[in-house]
Each structure stands twice: as C-alpha cells, then as structure tokens.
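So you can see what is in the structure, the chains are spelled out below.
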Amino acid sequence: PAVTSPCKILKCNSEFWAATSGSHHLGAEEAPEFCTALRAYAHCTRRTARTCRGDLAYHSAVHGIDDLMVQHNCSKDGPTSQPRLRTLPPGDSQERSDSPEICHYEKSFHKHSAAPNYTHCGLFGDPHLRTFTDTFQTCKVQGAWPLIDNNYLNVQVTNTPVLPGSSATATSKLTIIFKSFQECVDQKVYQAEMDELPAAFVDGSKNGGDKHGANSLKITEKVSGQHIEIQAKYIGTTIVVRQVGRYLTFAVRMPEEVVNAVEDRDSQGLYLCLRGCPLNQQIDFQTVRSAQATEGRARRKGPSLPAPPEAFTYETATAKCREKLPVEDLYFQSCVFDLLTTGDVNFMLAAYYAFEDVKVLHSNKDKLHLYERTRVLSPGNAAPTGTHPTLWVALLCLCWLCLL
C-alpha cells in the first residue's frame, strides 16, 4: 500500500561498507582489493542512476567515489567483485581519543558558564510531533518537510499515505545532513527509508571523516535494521532513528543554543521541530473521534462504507494501547488514534518507543508525560469533558458574590 522509492543507493552504500569493513587507511597490499570494491560501488550507482536522479544521497555517493578513486590511485577499469577486506584494529581506525576541545560541546562552548539547557524533539506514528518547546501535535504533512534546519545540521522527513485514499501518513524516508564544522567533522549525509536503516553514512563511513575530531560524530547500531543512534558531540546532540514496522521514528536531544543557531530567523517557522506544523496541517484528536463515531453509525445502517483494515473500536484500541502505555497521556492518545485510523498494531510500538526515547533524551523528567490542554469554550459550547455542570454553577455564583 505504501509507496517505496525505486532509488536503491542505500543498498549500494551498504554493500560497499560490508566489502571494506570500515577500513580507511589501507596498506599497499590492500589497495587493489579496495579499488575492486570501489569499482563495484561505482557500478552499483550507475545501475540505479536513472531512478536516483534527484536523490541527495546518490549525488553525494557519486562524488565520494570519484574522490576515493583519486586518493587510492584506482583505475576505473578492472574487476568489480567485492572481496571482504580484513577489519583493522581499533587503534588503526579513524577514531581518535585526542580530539580538539572545540569538538566537545560541553567542554568548549560552556567552559566558564553553566551547563547547557537541552531540548527534545520527536516524530513518530501518524505522524505525531513533539516540538522543542514540548508542544504536541498530530499532523498531515504528506510529502517532504524540514524537521530541523540550523547552522549545524538539516533534517528532512518524507511522509507517505499508510493506506490508499487515507489521510493517515507515516514517515517513510529520513535525510540528515551534518554540515562541515571547523577541524571536527566533514559534511556527512545520513539517509534511511522503509526497510533500509543503515548503520553508516551514505559514503560508507561511521564517523566524521578525515578531520582530527572525526570521532565527535559517530553512528552506533543498537539493533540491526531497527535502531541506530548518532552522537554529534561537537554540537552536544544525540539522534535516535528507529524502524518500527515499515515506518521510521525520529528523536533528538539538542542544546537550546544549537537549536536557535540560525542565520535566517524570519523563516524559522518552517522548521517543524521549532515551530510545529502549520495550522492547516494539524489534526485534532476530538474532531477525528467524532468523525469516526459518525462513520461507525453510518456503517451499521448500511454496507456502503468499507470496513477498516482491523476491527479496532475505541474500546479495543484503548485496551491494546494500555498494554504498553499505562499512563493515559498524549502518547497513549496517539496510540489509540493510530490504531483507529490505520489498524496497524506497529503504531502502538511506535508510540511506546517514542516515549522510551523521551525518557532517555528529555532533560526535564517532570515533563515526560504531556496531557491534552483544556479547550477554550466558544459561545454555545458545553463545558469540557469531565467537568460537572454543578461546578460551573457554583463558580458563577461565587463570581456574583464577589461582585456584590
């Protein structure tokens, strides 16, 4: 049902990384084998060139191959099988323990001041967004949208319909660009999509490149094909990307100073993690619940409406979500919403893991749970759900007594 990208550049990247075993500084005896793997990499990119024409990761890989060909004096003609090169000992890798102080955020930016204030943003499910200011929204945002865009990195997500003809969307592709920073890291691009969660950047590396502080940017695979973590120590940032079911979730911990490091403040409102989704892209839980109830009544009266993919009622969805999310906060409500709109139990796990990431990444443990705010009553509206009418009468009488 979901649309997948025909561009298979991530497969090419993964094959090259597997063939070279992360080796970067090779002896003379290994250069021919490395060139063979590099030619196979180039051949793979040419096979997918037509479908990858507009893909940033593809163009980054092509340029990276050309650079590596020159660095290792590789001929473009020759065998293209992919031998497995031996893995170098940890001491011979690019990871260095003597990185410059500038490449450790807490040591360099705040040497003579208080510890930085960290913020959190997360995107998961259908999709649900928790912004850096702890605003919680459910959005449509179909297609490509910028999630973060500051002086240090860009994050873009692509959301596609979960079911044909449905307004429910989920994140099917994620691109993260870490910009080159002083003597710490080269520009690096990470890209994931449905059924492809690499444990390396698009050029096959797992750290920040050839600069002295390369290890201040590092990818760690927590669960193969399901969970990766990116540590960017030079900007004090941790990113968690998961694949739950077929779709991706995103969570980040970032200092406020980095969040607000933007050159064009006039366009800050475009970045979802900072300002949230545009009003015309937001979905209200209560409105959707009412629509679902109306649709349910219509379905009982006649067979004209198609049945949902799973027979989740509000009661069964609530019971299912309570298995993983015992506190009825907005993560719980998101789980119920997603089960009703998609019928896919993997969305329950997406909400569960999103909250697990919040517990690790959010700096204020008192703000882990978020709850729906009481609505402002408009003329003619009833009191908010759960408020007894007698209480409103008592409050009105008290106000009159105060006036008297």
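Remember, predicted model here, so these are calculated numbers, not experimental data.

1. A word on the pairing of strand β6 (residues 169-178)
Line of reasoning, step 1. With respect to burial, β6 is a largely interior element, ten of its ten residues being buried.
Line of reasoning, step 2. Bridging between strand β5 (residues 153-161) and β6 involves nine bridges; their strand directions are antiparallel. Residue pairing in the sheet places N159 in a bridge with T171 of β6.
Line of reasoning, step 3. Of the strand pairs in this sheet, β6 and strand β7 (residues 188-193) are connected by six bridges, and their pairing is antiparallel. Paired with F178 across the two strands is K188, which belongs to β7.

2. Side note on the sheet that holds strand β11 (residues 247-255)
Line of reasoning, step 1. If you walk across this open sheet you meet the eight strands as β8-β9-β10-β11-β1-β2-β3-β12, and the pairing is antiparallel. If you trace the sheet from one side to the other, it starts and ends with β8 (217-223) and β12 (282-283), each paired once.
Line of reasoning, step 2. Across six bridges, β8 lies against strand β9 (residues 227-232) in antiparallel orientation. Residue E221 lies in a different strand from β9, and its bridge partner there is I228.
Line of reasoning, step 3. Seen against the sheet, helix α10 (residues 346-361) touches β1 (118-124), β2 (128-130), β10 (237-244) and β11 and runs at an angle of roughly 165° to β10.

3. A short note on the confidence of the model for the chain
Line of reasoning, step 1. For the chain, the average pLDDT comes to 78, and 73% of its residues sit at 70 or higher.
Line of reasoning, step 2. Counting contacts from residues 82-97, a segment whose pLDDT is below 50, to residues more than four positions away or on other chains yields 39 contacts.
Line of reasoning, step 3. Scored below 50 in pLDDT, residues 374-396 makes eleven contacts in the model with residues more than four places away or belonging to other chains.

4. Quick look at the packing of helix α9 (residues 330-342) against α10
Line of reasoning, step 1. At a minimum axis distance of 8 Å, the contact between α9 and α10 shows a crossing angle of 160°. Relative to α10, α9 is oriented roughly antiparallel. Once α9 is placed against α10, the crossing between them reads as right-handed. Contacts from Y331, C335, D338, L339 and T342 of α9 reach α10 at F347, M348, A351, A354, F355 and V358.
Line of reasoning, step 2. Grouping the amino acids of the contact of α9 with α10 by side-chain chemistry returns nine nonpolar, one polar and one charged.

5. Quick look at the nonpolar core
Among soluble globular proteins, nonpolar side chains are generally buried collectively.
Line of reasoning, step 1. Within the largest apolar cluster, 48 residues are counted, with the highest numbers of intra-cluster contacts made by L153, I176, F178, Y234 and F250.
Line of reasoning, step 2. By size, the runner-up hydrophobic cluster in this structure holds 24 residues, among which are C7, A19, C35 and A42.

6. Concerning α9
Line of reasoning, step 1. Compared with the 18 Å implied by 1.5 Å per residue over 13 residues, the 18 Å span of α9 between its first and last C-alpha is a close match.
Line of reasoning, step 2. Of the positions making up α9, those classed as buried are L330, Y331, F332, Q333, S334, C335, V336, F337, D338, L339, L340 and T342.
Line of reasoning, step 3. Where α9 terminates, the next one or two residues include G343, which has phi positive at roughly 70°.

7. Looking at the sheet that holds β6
Line of reasoning, step 1. Taken in spatial order, the four strands make up an open sheet running β4-β5-β6-β7, and their pairing is antiparallel. Only two strands of the sheet have a single partner each, and these edge strands are β4 (143-149) and β7. Averaged over all pairs of adjacent strands, the angle between strand axes in this sheet comes to 20°, irrespective of strand direction.

8. Observations regarding the state of the cysteines
Line of reasoning, step 1. Under the counting rule described, the total for this entry stands at seven disulfides.
Line of reasoning, step 2. Across a sulfur-sulfur distance of 2.0 Å, C321 and C335 are joined as a disulfide pair. Since a negative S-S torsion denotes a left-handed disulfide, the C321-C335 link at about -90° is left-handed. Separated by 14 residues along the polypeptide, C321 in helix α8 (residues 314-322) and C335 in helix α9 bring together distant segments of the chain. As far as the burial class goes, C321 and C335 line up, both buried.

9. Points about helix α3 (residues 56-71)
Line of reasoning, step 1. Across its 16 residues, α3 extends 23 Å between first and last C-alpha, which sits within 8% of the 22 Å expected from 1.5 Å per residue.
Line of reasoning, step 2. Every buried residue of α3 is listed here: A57, Y58, A61, I65, L68 and M69. One face of α3 carries all of its buried residues, which in axial projection span an arc of 110°. The outward face of α3, more than 90 degrees from its buried face, is lined by the exposed residues H63, V70 and Q71.
Line of reasoning, step 3. Two residues or fewer after α3 comes N73, characterised by a positive phi angle close to 50°.

10. Looking at the side chain of H120
Line of reasoning, step 1. With respect to the element layout, H120 can be found in strand β1.
Line of reasoning, step 2. Among the polar contacts listed, one links the side chain of H120 to the backbone oxygen of V252, at a separation of 3.0 Å.

11. A look at unusual backbone geometry
Line of reasoning, step 1. Despite not being glycine, N73 has its phi angle at roughly 50°, a positive value.
Line of reasoning, step 2. Note on N73: relative accessible area 72%, which makes it exposed.
Line of reasoning, step 3. In this structure, V141 is a non-glycine residue whose phi angle is positive, near 35°.
Line of reasoning, step 4. In this fold, V141 is placed in the loop between β3 (136-139) and β4.

12. Concerning the packing of α8 against α9
When two helices pack together, their arrangement is given by the angle between their axes and by how far apart the axes lie.
Line of reasoning, step 1. One can describe the packing of α8 onto α9 by two numbers: an axis separation of 9 Å at closest approach and a directional angle of 130°. The angle between α8 and α9 falls in the class oblique. The hand of the α8/α9 crossing is right-handed. Residues Y314, A317, T318, K320, C321 and R322 of α8 form the contact with α9, whose participating residues are F332, Q333, C335, V336, L339 and L340.
Line of reasoning, step 2. For the contact of α8 with α9, a count of residues per class yields eight nonpolar, two polar and two charged.

About the cut-offs
- Residues numbered from 1 in each chain as written.
- Predicted model: local features only at pLDDT ≥ 70, side-chain atom pairs only at ≥ 80, totals over all residues.
- Heavy atoms only, no water.
- Buried < 20%, exposed > 50% of the residue type's maximum accessible area, 1.4 Å probe, protein only.
- Helix = DSSP H or I, 4+ residues; strand = E, 2+ residues; numbered from the N terminus.
- Pairing = 2+ DSSP bridges.
- Contact = heavy atoms within 4.5 Å.
- Axes fitted to C-alpha atoms, helices over the stretch in contact; angles between N-to-C directions.
- pLDDT = per-residue confidence, 0-100.
- Parallel < 35°, antiparallel > 145°, perpendicular 65-115°, else oblique.
- Left-handed = near helix turned anticlockwise from the far one by under 90°.
- Nonpolar A, V, L, I, M, F, W, Y, C, P; charged D, E, K, R; others polar.
- Core = buried A, V, L, I, M, F, W, Y, C linked by side-chain atoms within 4.5 Å.
- Expected span 1.5 Å × (residues − 1).
- Disulfide = S-S within 2.5 Å.
- Arc of directions from axis to C-beta.
- Polar contact = N/O pair within 3.5 Å; in protein donor to acceptor, adjacent residues only side chain to side chain.

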